[in-house]
Structure formats: C-alpha cells, structure tokens
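A closer look at the structure
As a plain string of letters, each chain reads:
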Amino acid sequence: MRQLLILFSAVILLALPAQAGPVQDILQDHSALITKSSRKTIQPAIDALANSNLPQAQIVLQTWQGKDMWLRIEDGLFFRGNTLPSKAIQLIDFDSGEAAGEADKKALKQLKPNSGVRALIGTALVQFQLIDPDPARRAEALAAIERAPDASTLLPLRASIEGETDLGLKARKIRTERLQTISFDPDEAARIAALDAIKGDLGVDVRAALNPVLTTKRMVFAGDPPADMNIARRLKPGADELTDKQAYDLIVAANLGAPRLTPDALRTAMVNNAADGMVGGVPVAELNTQAARERAYAGLVTAGVVAAAVTDAEAAKAVRAHRFVDVYDEPSQAVTDAASATLDAIETKVALNQALDLGLDALSLGSIYFLAAIGLAITFGVMGVINMAHGEFIMMGAYTGYVVQQIIPNYTVSIIVAIPMAFVVTFAAGVAMERLVIRWLYSRPLETLLATFGISIALQQIAKNIFGTQARPLTSPGWLDGAWVLNDVVSISYIRIAIFVLALIFLGFFLFLMKKTRLGLETRAVTQNPRMAASMGINPDRVNMLTFGLGSGIAGIAGVAIGLYAKVTSELGADYIVQSFMTVVVGGVGNIWGTLLGAGMIGGLQKGIEWLNPSNTLAAQTYMIIFIIVFIQFRPRGIIALKGRAAGD
Amino acid sequence: MKNSFLMRNPSILIFLGLLALFTLAVTLMSEATGAGLISTSFVKTLGKTLCLCLIAIAMDLVWGYTGILSLGHFAFFGLGGYMIGMWLMYERTRQIVETSLANAEIPPTAQEVVDAIGSQIFGVVGSSDFPAVWAFADSLTMQLVLVVAVPGVLALVFGWLAFRSRVTGVYLSILTQAMTLALALYLFQNDSGLRGNNGLSGLQNLPGADAIPQSVVSIWFFWASALALGLSYILAAFIVSGKFGSVIRGIRDDEARVRFLGYSVEGYKLFIFVITAMISGIAGALYYPQAGIINPAEIAPIASIYLAVWVAIGGRGRLYGAVIGAAVVSLVSTWFTGGQVPDLPLGGYTLKWVDWWQVLLGLSFVLVTLFAPKGIGGLIDLLDGIRSPNRHGAALGPDSGSLQEREARE
Amino acid sequence: MNYLKSTLAGALALGTLSLPAAAAEDTIKIGVLHSLSGTMAISETTLKDTMLMLIDEQNAKGGVLGKQLEAVVVDPASDWPLFAEKARELLTVQDVDVMFGCWTSVSRKSVLPVIEELNGLLFYPVQYEGEESSKNVFYTGAAPNQQAIPATDYFLEELGVEKFALLGTDYVYPRTTNNILESYLKGKGIAEDDIFVNYTPFGHSDWSKIVADVVALGADGKKVGVISTINGDANIGFYKELAAAGISADDIPVVAFSVGEEELSGLDTANLVGHLAAWNYFQSAESEMNDEFVAAWKAKMGDERVTNDPMEAHFIGFNMWVNAVEAAGTTEVDAVSAAMIGQEYPNLTGGTSVMLPNHHLAKPVLIGEIQDDGQFDIISQTTEVPGDAWTDFLPESAVLKSDWKDLGCGMYNTETESCVQIKSNY
C-alpha cells in the first residue's frame, strides 16, 4: 500500500517541471544533523523540511522515516533508494522524482533514524497526513499524535475533524482531540468541558492526560503559603505522610535551616581537624566510638573551628514553625478540581477492572497448572502410580509439536496435526513404560518413584542429545496471536484463552471417560480392587496399560499447549512436575474436581501474592509452596478427600 | 555392653577398618603429607565424597530403616553448609576490612567495621546492610552450634507438623520435596540475606590460614570428614541395633501395628527425622568448605532425589550399602562427566559419554529397582552367605509393601 | 589421538598414574572451562566451539612461540562448585597456561579463589555487573558502563523515556546492574516512583501480570521504557507475552542486555521488530573481519548458526593473549599479564579494542533494533568506551579504582589512598 502510494506520488511529481533541487538544498544545509541524527538535535532539519511548503516535503519525510533514504558517499547527496533484486540500490532524486542511476551498497550509506527521531518525523508529518486522502495515512498520523502528544498538533487535529469521512477515525480523532485539549488548550472552559466528556474512560491514555494535570510539588514555607497558590493539601509533620525527619530535610533543602550532623559528616570533621594526634582535645586513637567523636566535636565547637550541630530540640522547633503543603503545578483550581473528580471516578473503575484482570490471570495460570496436572490426575490420582517422568511426557509432546512444525510449515495445519500426533507419541511412550517398568512395581509405590525418576533423567538427556540445549521455537498460528482486549486494563492473550478452553475440554473428556464409558468403569473397578475386578472378567493388565497410556497422552497434548505459550526446552517438563504433583495432592487424590480446585487455588494464590508484592515474583512462588505445606498439614487428604472404600487405605 | 554391641555388628569393625585404611592410603599419597601421587583437587573430591557418604547414612536411617522416603534431606545439608559458610565469609572479610581500615586517619568505630564488612560481603548483590540471620556470624562457636541446631529445628517443626497429621508414604515424599523447593526458592531471593543465587563463596580459604597451602587444608578436611563418617556410622549402627532399631523397622514394615502395640510412632519418627537432619547438617558443614561455594542450586529437589537413588543403588536397610552407593555413584558420575571416559565409536555414531552418561545413569536406576531391590549391598550378602532367611513370600518393599503382601496372601 | 589423550587425562585426574604425557612438552595448553551440560550449556557450548575454532586457526598459522596450541576441554556441568574443582584440575593436573571460560557471575566467583591461589590466568568473555577486578582475570565482556549506561542514555536522550521498568531475573547481574541504573537514573532526575523493579525466577514463563503492570505504568502520562536483564529461556515467554499484548516498540521500547542472536533463534521475531538490545557486537556489523569470522563460524558449525557478543569477546581476548605471549616470549602468567595491559586488537565491528590497566577492555557500544529475520539493525555505535571495574554511580564503589600496572591493586581506595585488598572480593 505504502509503496503504491510512493509510486503514485512519484508519478505526480514527474509531471511537475524539474526544479533546481530545493529539497536537496535543504537536506544539504542540514546534512551534518541528518547523517548523525539524534533526537536532541534533529528538530531544525525536520522543521526546515516540514515548513518548506515544498510539495515533496511529505515524501522526503516519509522516506526518511521508513529508513529508505540513502547518502551517496562520493558527493554527499541524499536519495530515495530502492533495493533491486541484484542487491544494488536504485537511487531516486527527491526533487525530480526521477531515477538517478544505481549504486553499489558500499558506495552508499543508509540513513537509519532511531525510533525517537522517527517519532519526531511522525509528529512533523501530522499536518500533511491528517488530511491525506488515504485513511491508513490518517490513522498513522493519529497514532503519532497519541504516542507523542504535542501542543503543535492540537489545531490541525481540531481542524481535521470536520472533514473526516471515516466514522471510526472520526471517533478516535474526537477522543484524541479531547485529551489534547486537556493537556494543551489554554482555554479553561474548554478543558473543563473536555474533562467532563471523558469521564469513565478507562484508557491508559486518558489517565496519561489527567495525571500530569494533577502533579504536585511538596513545598515548605516559613509562614502561610501565598494565597494565589493552587494547594492540593496541607500536611501535618509527624503523621505517616511526612515524618519529622523528612520535614526537616525539606526545610534544609529549601535553605531554611542548617543540616543535621550525620555520622559521615562527623567523621569528615574529625579527619579535617586532626592535628598533632588530637581532635578537639581527644586523642585520635580514642576516636573509635561514636561518643568519643561527639565529645571531640563539642571540643571543636568550643574552639570555634566548626559550627555547632543542630540539636533535636532545635530541629523539632523548626519543623513546628514551618508550613508544609503539596502544590499543584497547574495554576487553575477549577481545572484541577474537575480533573481530580474525573480521575477519582476512573480510578475506582480501574481498580475493579484490575481485580478482574488479576482474576483472569489467576484463572489462566490455574488452567495451565490444571492442564499440566490432568494427566497426572489419571496416573497418580486414579491409578496411584507416582510417575516422575510425567514432566518429560509434557516435554515430548512439545517437541512433537516442534518436529511437526518443521515438516508442515503452515502453523494452523501443523497445530491441528501436532495435537493428535503428540497424543499418539506420548500414549505409546506411556504404554511402553507401563509394560516394561511400572507393572512390576504396582506393589512398591516408592520404588516406582525412583524408577520413573530414572526414566525422567534419561528422557531429558536424550531430548538434549537430539534437539540440543537451545530452546526451540513452537509458533502459534496467526489467529492465536494478540489478545482479547476488553479495555486498556483487562486483556488476556488468545493463546491463554485457548489453553483455558483446552483445559475445559479435557475436564469434560475426563468426566465422560470415567463416568460414562466402559473403560472408565473398568478403570475404577481395577483401582478399587484388582482381584475382584479380574474375577468379573476384566483384564486388569490391559486396563492399567490403557489408563496409563491415556494419562500420558493427555500430558503430551498439554505439552503442545504449554510449548505454544512459553518455550520448548528439555527442561520444560521439570519446571512443571513439582507443581503438578502439588496440584493433585492439594486437590485431593482420585477426584478430578479436586484437581481443578487445587489448580485454581494454586493459580489464584500465586497471583494474589504477586499482587501484594509486585516486584518479586520469586517470593510469590516461595510463599505459595509454604502455604501448600501448611495446608496439607491440616487437610492431609486434600481439598476433596475420598471417603469410605474408595479411599483405598 | 559395648563389646556385645560390636560383636553383634561385625560390619562396624570391618567398615571402620576399611575407612582407616583408606584414610591412611590417601594421606600417604597426598601432596601435603605424602608422596604426591594424587592431586589436591582429587583429595578434595574424595573428602567431599566422604561427606556424601555421611548424608547417605542419614538417608538410609530415615528411609531404609524407618521407611520415610524423605526427598528433602539436602535442604538440611545445605543449611549446615550455609551456617559454617556465614562464619567463614564473615571472619575472612573482617580480617581484610580491619587491615584496610587500620590505614585510615582515625580509628574506625565498631559500627563502621561492621558496615564495611557488610558492604564487602553484600556489595556483590547490591546491598550493604547485615540481615538478621547474620546475627551470630562473628562467633565460630555459635555458628557451629547452628550447624546442627538450624537443620534440627527445621526438621523438628516440619516433622512434628507432618507426622502429627499422619502424612505418610508418597504424600510425605512430595511434602518434603516441597519443603526443599521452598527453601531453595527462598534462598534464591536476594532479599533472603544470604546473597541469593551467588550464595557464599571463597569458603575454601580459612580465615587466618592464608599461609597454609590448600593441599594441607584439603587433607585436614579429608580427615575431618573421615572422622565424622566413622563416628556417625557407629552412632547409626547403635541406633538401629537393639530395641529402638526393632521399633523403627517395625514402623517401616507396618506402622499401624506398631501404633496398636502402644508405641508412640510419631515420637520415633520425629527422633529419626531430627537426628538425620543434624547428621546432614554436619555433612554439609564439612562438604562446602571443600567445595568452596554454596548456593541455592545445591538444595534443589533433584539433589535429594539423587540421594535417594544412591541409597537405593547401594542397598537400603544396611548402613554400608548407603555408603557404597553414595561413593560409587558420585565418583563414577564425576568420572563420566569429567569428559575423561573414552568415546565409544558405534559404527556411524560416536557415543560421547558426557552426553550419554545421564541416560545410562537413569536406566541403571530402573534396572536396579526392577531387578536388584537390595542394591549393591545385596552382593555382599551373596558373598558371605549371611543372606537373611526368606521370611516372607515375595520381595516386597517397605511401607505399604507388607500391606500388599497381606492382600496377596488373602 | 583423541582417544589416547583423554584416556591419559582421565588416568591422571584419577591419580592412578603419575607419568606425565610425553606429548605435553612441546605444546601450549589452553583450558576451556565452559559448561557442556546442565542449564548453561545453551550458551556456553557455543563458546567452547568458538575457542576450538580460534585455536585451530592459530595452529594453522603456526601456533604461538613456535609451539602448537592444545585445547583442554572440561565440563563443569553448570554446577558452580564444580567450576572451582575443574579449574584446580586444569591448573594443577593439566598444567594449562591460560583458561578461557565461565559465563555466569557465580561461576566466576567460584573460580576466583582457585586461580588467585594458584596464580592462573582466566579470560572471562561475558557482560557482567562489574565491581570486581582480579589480578588473574581479564574481563573481555562489557562492564555496566559499556552496556547498561549507554543503553539507558539512549533511552533518556533518543527515545525520551521518562519512566523505567527494570525487569530482571533474580540473580547477581540484574540485581547489581539495576542497582547501578537506579542510582544513575536518580542522578539524571528520574524520581524514585518512576522506576519500577521486578525480579523473576530463572526460566519464568507466566508473564501476563508483569506485562500488564508495565502497560499500567503509562497511566501518568510519562513515556515508559523497559530495561530487561531477563536471562535465557525466560525471554521467550516474555517476548511472546509482549507480542500478544500488542505492545509495539514505538509505545514501550524494550532494551535487553542478555538477548542476542542466539536467544532470538528460539522465537519468531516478527512481532518484536523495533525492540532493542545493547551489546558490543552484533552479527550484522559491517566489516571485512566480521564477514570472515561469520563465514568461518558457519563453515565450521553449519549455516543456521549465528555469532554473538561473547564470541567476539573470546575472539579479541584470545588474539590479545596470543600477541601478549609473543611479546613476553613466554607463557608465564605474570609476564603475560604485564604484556596484556595495553594490548590492542581490531574489533569485529571496526575500531580497536585496548586492554586497560584495570583488566577491562575499551570497546564500542552498539545498540540494535530487532529485525524480523532474528538479526539486529545497528542504529547506534559509539566510539570505544573504557570499561570501568568499579562503577561511578554507587557511592561505595565511586571511590574505588583498579590499576594493575602502576598501583598493582584491583581495589584501590582513592580517598584513603590505600589498597583495600589484593585478592578479589568473592
């Protein structure tokens, strides 16, 4: 589209009479700035182009912004460059729009404005692009305004609303215009009107426009503050907001009092005034306690060498004698009142929405844990087999997804193929493991743990040997990119929604399988009493094998999902194994609803702790595990404990 | 009494004799005290292996004899290391700081010295204040007490909670695993005050012993480890012999029956859990000054699982089995991962042991569990014919094994 | 030959055989101490291969001092205590003349006491948190003022960022770097409230809440920028979440210090175009030497392999060591260390690196934008910045300096004019 447009403009330019090169002249005037472009210095060059009233200005700026401008090193002239299939660059003169020959890359220098400079160019382009016939260009201009609000764009924006034909763009323009009005319009009434109009808007940009209006400065005055100040609030020293110490520091910072004597300052005074092994009448060798140093300082004060330190009483008196206030930077009280009213209303809504967002995150994390644990809920929960290699089945599923993607390049098709493939691969692996190892150990659960742990480290190392230690890409199809955005606060990525849906499907599948199918019935029978089941004509070996394979197969599918949202490495499974076991144990072994509750609880808990302490995610995981340990002390059989005979032991 | 105790446990004398011979041999071959046939780094490896044997004995007591599969004993091991490490770091840094501050114009206050030590130790992790856990770091005696006290108290609290609510079997294993994971994650945080991921380092440099070469220090620690191993072996043998030993083995085989007989099962379990935690702490305190650095990765759950594997391979329920398992697996593991085992050409593919050792190790666990539940120690039975009489039908394991056996007979 | 060598080495290490290998006399041994297994193998295996390539090339040129070079590769298996053990083995059993190795800071700190005790020589190729200068280590990676500070300046000056999110994995490098940056930003007039810090565990994968937190930072109308010291695999989840949330580099730019070509090969970069990374080297650097280096690497390892910054650090470090050995006429550590200071070698990105008396390099700083092919478009390149062992932006460190040439001290207090300690701080 853009290329087309450039071409189109170039055709128009061709029709114009060839000029002597005014654009090139401007570029040459600012050559030094342009070649060594920095956001701090580039403005004159951009202004010169933007204000030149030349018809080519827009194209030059767009070319520059798009990193398509090249400098011919031999004569220092600027051109628009097209990369030809031969890797050479076709040069196009800015003034005439005509081709100016080809050149090798080595003879040229590509101008790569950094994104700060590109944003400035974008702002300069606004005046051209806002009324551009192409709606895409207009949207681009609008985006440039939203990204870098600037007083200069308010009037062109306001003027362009009238003639806007695209309804979506018009709405965006009106909204942006309001935000710009709040920030830059000198007219108080217009600002207040705009403030009223945006009430309840949850956008981050709205808050971004409101907050700067409400910034305050903390100030200290010897008497009452001047009457014409727009005061946000008065502070009482000694309260939580402002401790006495902070208050005195403010006084010192405002040059209204002398600084207190810090231990460092005391030490410096000692060092500076040491003479003949004595400081203020105290021998230097004795200055190894704070008390001795203070004594020496007192001696120095008596000798008149240093000024007396401010005492606590003096400091307290000074704090009482001063007034402390927060003052708005914005002088108009009407505006700040309106803004804080609007902001308060928004903040309440934001807080609610944040809670909702946190809930969604917790739900999503819970569903990931559930997905990782559901296979285990079958093998461990129903059959009672401790499978430490469960994580490695998840990993095998993820690698299967990766391999399928190498063979089938179409992401959608490859995922559709990968999911059953992962099931087949891990089902087979699970059956093989059950036949070869686990069936011999049904009576020795702790030894199953060890044997499967051995399998786990062997599988992990085999994966490393085959796929290397580097993480492998497993890319989700395009339709899973992006996020479902409810508003600027609440959003959740589609991939997480997909995982949630997958978890629900598995829950349904599990319930159906266990309650409605023959295999489920047989599984339950074999788990409760294998001998009795066998005498009823059920083959326990076969049932165990199938059930175990099924649990492993589900782990494989979970692997594809987890690989899509995170990473595919040989350690992928190990990251989930402890959590998965805890999910099953916390929920209550042998009950899928318990596993669901367990996953939900762990996910919710972790997000809750993260919310309390946002700067340390590791702490959240630590405290979550400690909570689980304590929880199990009180409910050793989990949230939903099986009762009666089903409880086995 | 003592005589009869030793008489009843001939393995103690054999073990102690072999340990003494081994120590003597290493001493005579080392660089510091002998012919220099084995390098200092290998003396350190051997010393560390002895510490691993020590914790393996603890693991055997708690799992092989009492039937509690603890997957968290490396947490106690690590805590012991941290406790001694704190003193080593503090003291070494204090000496450096005091020498350097002695050049200052005016003598430093006590607070300034502590602050300077703090910024030396914690400067690495972007902090300078001493956290509360370092309160006793300036006293060797206190830290030595803490080497056993901290693991002991943690084991006491954790064990009391867990045994009281009758968490058993696999659940207990997962719970102990969660405990060590929580501790590792906690220590990983910089805010924990133990230097986060960096841990405590430079532990091989003993404060005030700069002049003594590492070859000598390494042999000291080797002796200390051998001594600790010998003493703990006697202690462990003493615990498992006699009535106490019978009770804990009873708990392993059928907890409910022992309880019905009127024994306080929880008390016995708690005692074993705490005493093994303390032994682990001592092992850790001897191990990490030889390793030179301790950090949270050391106590990740996987380490404790390996510990269980060593004991399983060596042979549960016999103390020398645990020692053999720990020594053999960790030394063989060092040998294979050291890249010193020749590659194995297999026609079109060259088998690199660095890559395939883990696979071999993993599969060998499986084979041992399936075919040799008694581990390497079982071979010794075959050798001298003291194979225990076959009292029950199937080779069923501890804990719920006996329950299953009863079912099988019904 | 390999078979024989490793058998002998193994036998030696186990102490069962004390005869020196006869072949050892006429070669110069170079220890390569990089993890080939465990979590760090991802990054470090590449460096081992780089060293082998450089050693082969040097041998093809005739070796050093007329002797052939022999690489002794060991595997510390991402196990930090094992690094110390292997270093001791290399120095005492294998008698190597120099070591190239380590990646994480903790592995370096583990090795330090050993090499200082045995007077070994280590070249450390990775960007790190500074606050260290050992007599026995040459730091060929970037110190914070060669990576973090210029990148932050770029954010402040060029992108006009006013509010910073410092996201890092919870270990030493991010902690110290973020500490330095916080102090630096406050010095630049950024308020404490405008700096958001978050630490996540290694391999973290659940990023949605953190990304949402970062977006919410924009609510007070200041431009937000993210400085990421997130390590390794965790980056994949982070960038995926960033892309899913639709955060473009124009809205919230992210500059990463630990994401290079190698890490990007694990994900689809189409949605990440325009986000930044700061390094001393990018594969896309345009110079003839770089073209040769990249071609040699691809010829050795395969076409899909990429080059990265620590590889260049080894390239410079190794060549400087070769020149220093030639200049000193011996491989003896003290002589080589003395000859190292002042060594110059051309960078792959153009210009010349110089080894400073504080054992750090003067190197140019590059900032690149991620492109959709997983490579970086270099948009800013400074002149050579001298590496600073002790940062100027933390009060305790500002008074310290390192000078092994004139002062003979790595931790010299300029206020009291005394050497705090000769051995380094570990």
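Residues numbered from 1 in each chain as written. Chains lettered and ligands numbered in written order. Predicted model: local features only at pLDDT ≥ 70, side-chain atom pairs only at ≥ 80, totals over all residues.

Quick look at the overall build of chain B now. A tally of regular secondary structure across chain B gives 16 helices and four strands. In terms of overall dimensions, chain B is globule-like: its C-alpha atoms have a radius of gyration of 23 Å, near the 22 Å expected for 410 residues. For chain B, the spread of C-alpha atoms along the principal axes amounts to about 85 × 55 × 55 Å. Long-range pairs, those at least 24 residues apart, make up 76% of the contacts in chain B between residues at least 6 apart in sequence. (Helix = DSSP H or I, 4+ residues; strand = E, 2+ residues; numbered from the N terminus. Rg over C-alpha atoms; globule rule 2.2 N^0.38 Å. Contact = placed C-beta atoms within 7 Å.)

Further remarks concern the overall build of chain C. A tally of regular secondary structure across chain C gives 13 helices and 17 strands. Relative to the globule expectation of 22 Å for 426 residues, the C-alpha radius of gyration of chain C, 22 Å, shows essentially globular dimensions. Taken along its principal axes, the extent of the C-alpha atoms in chain C is 70 × 55 × 40 Å. Buried positions account for 62% of the 426 residues belonging to chain C. (Buried ≥ 20, exposed ≤ 12 C-beta atoms within 10 Å, placed from the backbone.)

Turning our eyes to something else, we now look at the sheet that holds strand S2 (residues 68-74) of chain C. Residue and element names in this part refer to chain C. Strands sit in the order S2-S1-S3-S4-S5 across an open sheet of five strands; the sheet is parallel. This sheet does not close on itself; its edge strands, each paired only once, are S2 and strand S5 (137-139). Direction aside, the axes of adjacent strands within the sheet are offset by 25 degrees on average. In this sheet, strand S3 (residues 98-101) lies alongside strand S1 (residues 27-33) in parallel orientation, the contact comprising four bridges. (Pairing = 2+ DSSP bridges. Axes fitted to C-alpha atoms, helices over the stretch in contact; angles between N-to-C directions.)

This part covers the UniProt feature "transmembrane region" (unreviewed entry) in chain B. Residue and element names in this part refer to chain B. The residues that UniProt annotates with the feature "transmembrane region" (unreviewed entry) are residues 71-90, 140-163, 170-188, 220-240, 267-287, 293-312, 319-336 and 356-373. Helix makes up 100% of residues 267-287 and strand 0%, and the two end C-alpha atoms of the span are 30 Å apart. With 100% helix and 0% strand, residues 319-336 has its two end C-alpha atoms placed 26 Å apart. (UniProt positions renumbered as here; feature names shortened; annotations may be inferred.)

Listed as interface residues are 48 residues of chain C and, on the opposing side, 46 residues of chain A. Those elements that provide at least two residues to the side of chain C that touches chain A are helix H2 (41-60), strand S7 (195-200), helix H7 (208-216), helix H8 (234-244) and strand S14 (376-386) of chain C. When its residues are assigned to classes, the side of chain C that touches chain A shows 18 nonpolar, 16 polar and 14 charged. (Nonpolar A, V, L, I, M, F, W, Y, C, P; charged D, E, K, R; others polar.)

Taken together, the contact between chain B and chain A spans 49 residues of the former and 46 residues of the latter. Listing elements by their share of the side of chain B that touches chain A, those giving two or more residues are helix H6 (140-164), helix H7 (169-188), helix H12 (301-314), helix H14 (353-371) and helix H16 (400-409) of chain B. If you tally residues by element for the side of chain B that touches chain A, the top one is H7 of chain B, at 14 residues.

Moving on: the domain arrangement of chain C. Residue and element names in this part refer to chain C. Here chain C is partitioned into domain 1 (2-142 + 287-365) and domain 2 (145-284 + 367-386). Relative placement of domain 1 and domain 2: their C-alpha centres are 30 Å apart. On the domain 2 side, the residues contacting the 26 residues of domain 1 number 24 residues. At the level of secondary structure, the elements contributing two or more residues to the side of domain 1 that touches domain 2 comprise H2, helix H4 (105-118), helix H11 (309-328), strand S12 (352-355) and strand S13 (361-370). (Domains from an automatic or database assignment.)

What follows deals with unusual backbone geometry. Residue and element names in this part refer to chain C. Positive phi values are uncommon outside glycine, yet Asn119 reaches one of about 50 degrees. Along the chain, Asn119 falls in the loop between H4 and strand S4 (122-124). In this structure, Glu131 takes a positive phi of about 60 degrees despite not being glycine. Position of Glu131 among the secondary structure elements: in the loop between S4 and S5. Judged by local crowding, Glu131 falls into the buried class, with 25 C-beta atoms found within 10 Å.

Hydrogen bonds between backbone groups are what pair the strands of a sheet, and the pairing can be parallel or antiparallel. The antiparallel open sheet is built from three strands, whose spatial order is S15-S16-S17 (chain C). Of all the strands in the sheet, the pair left with one neighbour each is strand S15 (400-403) and strand S17 (418-419) of chain C.

All names here are of chain A. Burial runs high along helix H5 (residues 57-65): eight of the nine residues are buried. Listing the buried residues of H5 in full gives Ala57, Ile59, Val60, Leu61, Gln62, Thr63, Trp64 and Gln65. Residue Lys67 follows H5 closely and has a positive phi angle near 60 degrees.

Our focus in this paragraph is the pairing of S1 of chain C. All names here are of chain C. Counting buried residues along S1, five of its seven residues qualify, which places the element largely inside the surrounding structure. As defined by bridge partners, S1 adjoins S2 across seven bridges and the pair is classed as parallel. Each residue of the ladder has a partner; that of Gly31, found in S2, is Val72. Chirality of the crossover, the property in question, places the unit of S1, H2 and S2 among those that are right-handed. (Right-handed = clockwise from strand over helix to strand, strands pointing away.)

Our focus in this paragraph is the packing of helix H16 (residues 333-382) of chain A against helix H25 (residues 592-612) of chain A. Residue and element names in this part refer to chain A. Contact pair H16 / H25: the axes reach a minimum separation of 7 Å and the direction vectors enclose 145 degrees. Viewed along their axes, H16 and H25 form a crossing whose handedness is right-handed. Between H16, through Leu358, Asp361, Ala362, Leu363, Leu365, Gly366, Tyr369, Phe370, Ala373, Ile374, Ala377 and Gly381, and H25, the contact on the second element is made entirely by Ile592, Thr595, Leu596, Ala599, Gly600, Ile602, Gly603, Gly604, Gln606, Lys607 and Trp611. In terms of residue class, the contact of H16 with H25 is made up of 14 nonpolar, seven polar and two charged. (Left-handed = near helix turned anticlockwise from the far one by under 90°.)

This brings us to the packing of H16 of chain A against helix H23 (residues 540-565) of chain A. All names here are of chain A. Between H16 and H23, the shortest axis-to-axis distance is 8 Å and the interhelical angle comes to 170 degrees. Between H16 and H23, the crossing angle belongs to the class labelled roughly antiparallel. Contacts between H16 and H23 pair Ile368, Leu371, Ala372, Ile374, Gly375, Leu376, Ile378, Thr379 and Val382 from the former with Thr547, Phe548, Leu550, Gly551, Ser552, Ile554, Ala555, Ala558, Ala561 and Ile562 from the latter. (Parallel < 35°, antiparallel > 145°, perpendicular 65-115°, else oblique.)

Let us look at the pairing of S14 of chain C. Residue and element names in this part refer to chain C. The pairing of S13 with S14 spans eight bridges and is antiparallel. Across the sheet, the residue bridging to Leu366 is Gln381, located in S14. Between the antiparallel neighbours S13 and S14 lie five residues, among them Gly374 with a positive phi of about 85 degrees.

All names here are of chain C. For Ala191, the position within the fold is in the loop between helix H6 (172-187) and S7. Since 11 C-beta atoms lie within 10 Å of it, Ala191 is described here as exposed. When the C-alpha positions of Ala191 and Glu89 are compared, they lie 50 Å apart, and in sequence the two are 102 residues distant.

Residue and element names in this part refer to chain C. Scored by pLDDT, chain C comes out at a mean of 87, with 94% of its residues at no less than 70. Every residue in residues 1-24 scores below 50 in pLDDT, and together they form 26 contacts with partners more than four places removed in sequence or on other chains. Scored as a complex, the prediction yields pTM 0.86 and ipTM 0.84. (pLDDT = per-residue confidence, 0-100.)

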